[in-house]
Amino acid sequence: MKLVRTSYKPEDVTILLKDISGAIEPMSTEQRERKIQSGTHYCEMLPIEYQPSAEYLRLYEYALKNFSKETADGVRIAAERIYADKKVPMLISLARAGLPAGIMMKHYLERKYHIVVPHFAVSIIRGKGIDGNAMKYILDRYDGERIQFVDGWTGKGAIQNQLNAAMKDYAGIDPRVAVIADPAGITQFCGTHDDFLIASSCLNSVVSGLISRTVLRDDLIAPDDFHGAVYYGEFAGNDRSYEFIDTVESVMSYEDILTERDEMPSVTGYDEAYDIMERLRISDINFIKPGIGETTRVLLRRVPYKVLIAEDCPEKYVAHIIELAREKNVPVEKYPLKRYRCCGIIRNMPSDA
């Protein structure tokens, strides 16, 4: 089995994904959305990667410049919480949004504490679970008690729920995910519970090592294979994966900080998502995608119904979302959000049947 290629350095991460480049035809957003809503699992298809306009790239560069310090602080605090809990952790990033977060946390821990932090990336898929073959590969080589799962941010908390369920089969492994930002209010391994703009959420593969979302389909993935992914070599000239990491790390502080026990919010993101579903009469909780990162994903690779922006949200946090919504003719409305600065809602579409 050949591992997927990536523009990330091998010393930064080992990506346990099978290379299925050229074996799967990407679908248009509309075609893919109809199939998802008629019962095909999203992991069986890939979307055509959005190619950003010049204006959208300008907004990405603005986000990178203006939110790198908040991102660096989030990485730093999350990494310190990991170190306080595990001392010599082994990081498993959840592909693909967890990859840049995991690389930066690895760099921080190794530079500050002079330890070796192994770092892998594996696939976890909502409704399907974690890649068992990848987990076996790792556990054949490392003590499971060292494992710390890493993602970029939280939405409603669905992936944490998936991890909780998956780790029931793995005694002694901590299922809690570490993230830069946790607006869902579900993990103590976070840099902040604030919903702020992490620039990597604005783009797809070109800020994630040139790899696709993960794929699990019987005709492509054999029983002993890792989950699959595609390498987008054609986008190499626009690769910004290390630009993002290097820019954030250029403002990273390594001074000692006190990481007291985090006070978890009393209202979770799922509670707010459910309230939105009820108030707006949305038929499926999975159509509700709260938070800056998840709203961006809705606009990049789903068919949006509308975008909600918090009534008191400064435009600097959501300028790229407003631009994407304008490009795609998606309505934007003010809404009394509490935990989030924005929320994307997926359009309910008739099936192809």
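Structure: see above.
Everything quoted here is computed from the prediction, not taken from an experiment. (Residues numbered from 1 in each chain as written. Predicted model: local features only at pLDDT ≥ 70, side-chain atom pairs only at ≥ 80, totals over all residues. Heavy atoms only, no water.)

A. Expanded view of the packing of helix α2 (residues 54-86) against helix α6 (residues 241-249). Put simply, α2 and α6 touch, their axes get as near as 8 Å, and they point 45 degrees apart. Considering their axes alone, α2 and α6 lie oblique with respect to each other. Once α2 is placed against α6, the crossing between them reads as right-handed. Where α2 approaches α6, its residues Y60, L64, S68, T71 and A72 are matched on the opposing element by E243, F244, T247 and V248. Residues that form the contact of α2 with α6 fall into these classes: 5 nonpolar, 3 polar and 1 charged. (Axes fitted to C-alpha atoms, helices over the stretch in contact; angles between N-to-C directions. Helix = DSSP H or I, 4+ residues; strand = E, 2+ residues; numbered from the N terminus. Parallel < 35°, antiparallel > 145°, perpendicular 65-115°, else oblique. Left-handed = near helix turned anticlockwise from the far one by under 90°. Contact = heavy atoms within 4.5 Å. Nonpolar A, V, L, I, M, F, W, Y, C, P; charged D, E, K, R; others polar.)

B. Representation of the pattern of salt bridges. Applying the stated criterion to the full structure yields 23 salt bridges. Across the pair R176 and D174 runs a salt bridge whose closest N-O atoms are separated by 2.9 Å. Relative accessible area serves as the criterion here: at 33%, R176 is assigned to the partly exposed category. Put simply, R279 and D275 hold a salt bridge, and the shortest N to O gap is 4.0 Å. With R279 and D275 both in helix α7 (residues 269-280) and 4 residues apart, the pair spans about one turn of that helix. Salt bridges sharing common partners tie together D85, K86, D174 and R176. (Salt bridge = Lys/Arg side-chain N within 4 Å of Asp/Glu carboxyl O. Buried < 20%, exposed > 50% of the residue type's maximum accessible area, 1.4 Å probe, protein only.)

C. Quick peek at the pairing of strand β7 (residues 147-150). Every second residue of β7 is oriented toward a common face, with I147 and F149 on one face and Q148 and V150 on the other, all of them buried. By the bridge criterion, 4 bridges tie strand β3 (residues 90-94) to β7 in an arrangement that is parallel. Bridge assignment links S93 to a residue of β7, and that residue is V150. Relative to strand β8 (residues 177-181), β7 runs parallel, the two being bridged by 2 bridges. What sits directly across from F149, in β8, is V177. Taking the sense of rotation as the criterion, the β-α-β connection linking β7, helix α5 (residues 158-166) and β8 turns out right-handed. (Pairing = 2+ DSSP bridges. Right-handed = clockwise from strand over helix to strand, strands pointing away.)

D. Just the nonpolar core, in detail. In this structure, I15, M105, F244 and I288 are the most contacted members of the largest nonpolar core, which totals 90 residues. Discounting residues that sit within four places of it in the chain, I15 has contacts with L3, V4, T6, Y8, L99, A121 and I211. If you look at the next biggest cluster of nonpolar residues, it comprises 22 residues, including M167, V177, V179 and F226. (Core = buried A, V, L, I, M, F, W, Y, C linked by side-chain atoms within 4.5 Å.)

E. Molecular detail of α5. Regarding α5, the residues found buried are Q160, Q162, L163 and A166. The buried residues of α5 occupy an angular sector of 160 degrees when the element is viewed end-on, so they sit on one face. For α5, the elements touching its buried residues are β3, β5 (124-125), β6 (129-130), β7 and β8. (Arc of directions from axis to C-beta.)

F. A look at the packing of aromatic side chains. Tallied over the full model, the rule gives 9 aromatic pairs. Summarising the aromatic geometry, the rings of F67 and Y317 are spaced 5.1 Å apart at their centres and angled 40 degrees between planes, so their arrangement reads as tilted. Residue F67 is found in helix α2, and its partner Y317 is found in the loop between β12 (304-310) and α9 (319-327); the two are separated by 250 residues along the sequence. A connected cluster of aromatic rings, assembled from ring pairs, spans F120, Y137, Y142 and F226. The ring of Y137 carries R141 above its face, with NZ or CZ at 3.5 Å from the centroid. One residue, R341, lies across the ring of Y317, its end atom 3.7 Å from the ring centre. (Phe/Tyr/Trp six-rings, centres within 6.5 Å; stacked < 30°, edge-to-face > 60°. Lys NZ or Arg CZ within 6 Å of the ring centre and 35° of its normal.)

G. Molecular detail of the pairing of strand β14 (residues 342-346). Burial analysis of β14 places 5 of its 5 residues in the buried class, which makes it a mostly covered element. What you see with β14 is no split at all: C342, G344 and I346 on one side and C343 and I345 on the other are buried throughout. Inspection of the sheet shows strand β11 (residues 288-290) paired to β14 by 3 bridges, in the antiparallel sense. Within β14, the position partnered with P290 by the bridge is C343. The pairing of β12 with β14 spans 5 bridges and is antiparallel.

H. Inspection of the sheet that holds strand β1 (residues 14-15) at higher detail. The 6 strands are arranged β1-β4-β3-β7-β8-β9 in an open sheet whose pairing can be described as parallel. In this open sheet, the two strands that pair with only one neighbour each are β1 and β9 (190-192). When β3 meets strand β4 (residues 119-122), the two strands line up parallel, connected through 4 bridges. Paired with L94 across the bridge in β4 is V122. Across the sheet, α2 touches β3, β7, β8 and β9, and the angle it forms with β9 is around 140 degrees.

So, to be careful, I would describe these as geometric facts and stop short of saying anything about function.
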